[in-house]
Amino acid sequence: MVLLKGMDEAGYMTATEAAAELDVSVATLYAYVSRGIIQSEARTGTRARRYRAADVRALANKHKVATKHGDSSKLLSFGAPLLDSEITFTDGLKLYFRGRDASQLAASSGSLESVAALIWGCDDAPKLSDGSIELPPEYLDLAGTVDPDYPLVTCQALLPLMGQRDVRAYDLSREGASRAGLNVLRIVTALVSGVTPTTRPVHAVLSSAWKVEEHADLLRSALILGADHELNASTFTVRVAASAGAPIYHAAAAGLATLQGARHGGEIERTYRLLQEILDSRQKDAEVVAGWMRRGESVPGFGHPLYPSGDPRAQTLLGLLNRHSSSRGAADVIQAVNTAQSVTGKLLNFDGALAALSLHLGLAAPAGLCILAIGRVVGWVGHAIEQYHDQRLIRPRARYVGLR
């Protein structure tokens, strides 16, 4: 593992290193910590503390961009704005859901529903997992309009209609939002799978509908790994909608609209096409990747700014695929991934891992995005609950740069 300068193996800096990175005094560093901008923790065996390197570098980058543009208070960039959340934490090496290692959760026997109970802060996980499904009478008529080629577009359109018919949808308490969130999770799963909503575990429904029952555990792990990733574009959209008082159905529809963007979840299908081209190629595999680069196209599915040492979600999912490497399909997909990593010099990210999983399972190109969307519903609901509790409208200011 290659460590960045000024960072230990756990992804932390000393006070002196962090202050130097930010070009501030140690006293100013302490002020950032007290405001929650930088996280710190005690160092074992000493009174000194250490500081999360990812937070320090995100703030340093924000200052650099702000200096260039002249005003930091109104600037939106990678790493800003900062919103308080108790759901997801990453130190640049691992990902945690409420203090639980996401990779360990994915490798366990727990379901996506059990992770939903964790993220939503529900005390009764079994009750959530086995909860009944409440659907409007018109559900079957609405579900009949699903376009099998674009299931998420259909979900995006139908969720607000179903929410409008749910008389309890505007109960924004933790219990009410969790009940609506479970409904949304079941409905999206059913619409993607082409079945009637059921209380069966999500991964069981998907694996049965896609006829890959022997790989149900792989789907379960992928769904859990995709459950949340702090304030990505779609999750931030959901929080903005929730801050305005939009119920879960409507907020999730807003998240789906954002997730399908070409620069967000759309990267999964682009990676699928790249890996498929490598698998189908009769020329040297590396030439396929080089061809994308020669045409000036960005190579999708590789590299992530939060994870210079590799995306832990991708590493976990690729490790699970490696266990299936005895099959010709898995071995070929892994070889295609290794080829792309070698040419680009970048490691597989989670978008790329979902594309590799879809190819291994023989699924169509949109499947990876559907897996991410279903898993991410869990995180969206958790963030909506936090935002309802916060009771403040998210309303950034614009810096006018037009004609006066």
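Q: Could you clarify how one ought to interpret the environment of Asp217 in this entry?
A: With respect to the helices and strands, the residue Asp217 is situated in helix 11 (residues 216-225). Accessibility expressed as a relative area gives 52% for Asp217, which makes it exposed. In the structure, Asp217 is positioned 111 residues away from Ala106 in sequence and 9.1 Å away in space, judged by C-alpha atoms.

Q: Can you walk me through the sheet that holds strand 6 (residues 100-101) in this structure?
A: The strand order 4-5-6 describes an open sheet built from 3 strands, whose pairing is antiparallel. In the strand order of this sheet, the two ends are held by strand 4 (88-90) and strand 6, each with one partner.

Q: Help me understand the nonpolar core in this model?
A: Looking at soluble globular proteins, one finds that nonpolar side chains tend to be buried together. Residues Leu159, Val192, Trp210, Leu317, Leu357 and Ile374 are the most contacted members of the largest nonpolar core, which totals 98 residues. With 14 residues, helix 19 (residues 367-390) is the single largest residue contributor to this core. With sequence-adjacent residues up to four places away left out, Trp210 is seen in contact with Val192, Leu219, Leu363, Ala367, Cys370 and Ile371.

Q: Which parts of the structure should I look at to understand the environment of Ala19?
A: The residue Ala19 is located in helix 1 (residues 15-22) in this model. Between the C-alpha atom of Ala19 and that of Leu29, which follows or precedes it by 10 residues, the distance is 6.0 Å.

Q: Is there a simple way to explain the state of the cysteines in this structure?
A: Two cysteines whose sulfur atoms are joined by a covalent bond form what is called a disulfide. Under the definition given, this model contains 0 disulfides. Of the cysteine sulfurs around Cys155, a residue in no disulfide, the closest is that of Cys370, at 7.6 Å.

Q: Would you mind going over the packing of aromatic side chains with me for this structure?
A: Note on aromatic pairs: each is described by the distance of the centres and the angle between the planes. The full count for this structure, using the stated rule, is 1 aromatic pair. The residue whose ring lies beneath Arg50 is Tyr12, and the NZ or CZ to ring-centre distance is 4.3 Å.

Q: Explanation requested: the packing of helix 16 (residues 312-322) against helix 18 (residues 350-360) in the structure shown.
A: Two numbers describe a pair of packed helices, the interaxial angle and the distance between the axes. Closest axis-to-axis distance for the helix 16/helix 18 pair is 8 Å, and the angle between their directions is 20°. When the interaxial angle is binned, helix 16 and helix 18 end up roughly parallel. Seen along the crossing, helix 16 lies across helix 18 with a hand that is left-handed. Only Phe350, Ala353, Leu354, Ala356, Leu357 and His360 of helix 18 make contact with helix 16, whose side of the interface consists of Arg313, Ala314, Leu317 and Leu321. Split by residue class, the contact of helix 16 with helix 18 holds 8 nonpolar, 1 polar and 1 charged.

Q: Can you walk me through the sheet that holds strand 1 (residues 12-13) in this structure?
A: Two strands in a sheet stick together by hydrogen bonds in their backbones, pointing the same way (parallel) or opposite ways (antiparallel). What the 3 strands build is an open sheet, ordered 1-3-2; its pairing is antiparallel. Only two strands of the sheet have a single neighbouring strand rather than two, namely strand 1 and strand 2 (40-42). Where strand 1 and strand 3 (residues 49-52) come together, 2 bridges link them in antiparallel fashion. Bridging from a neighbouring strand, Met13 pairs with Tyr51 of strand 3.

Criteria and cut-off values
- Residues numbered from 1 in each chain as written.
- Predicted model: local features only at pLDDT ≥ 70, side-chain atom pairs only at ≥ 80, totals over all residues.
- Heavy atoms only, no water.
- Helix = DSSP H or I, 4+ residues; strand = E, 2+ residues; numbered from the N terminus.
- Buried < 20%, exposed > 50% of the residue type's maximum accessible area, 1.4 Å probe, protein only.
- Pairing = 2+ DSSP bridges.
- Core = buried A, V, L, I, M, F, W, Y, C linked by side-chain atoms within 4.5 Å.
- Contact = heavy atoms within 4.5 Å.
- Disulfide = S-S within 2.5 Å.
- Phe/Tyr/Trp six-rings, centres within 6.5 Å; stacked < 30°, edge-to-face > 60°.
- Lys NZ or Arg CZ within 6 Å of the ring centre and 35° of its normal.
- Axes fitted to C-alpha atoms, helices over the stretch in contact; angles between N-to-C directions.
- Parallel < 35°, antiparallel > 145°, perpendicular 65-115°, else oblique.
- Left-handed = near helix turned anticlockwise from the far one by under 90°.
- Nonpolar A, V, L, I, M, F, W, Y, C, P; charged D, E, K, R; others polar.

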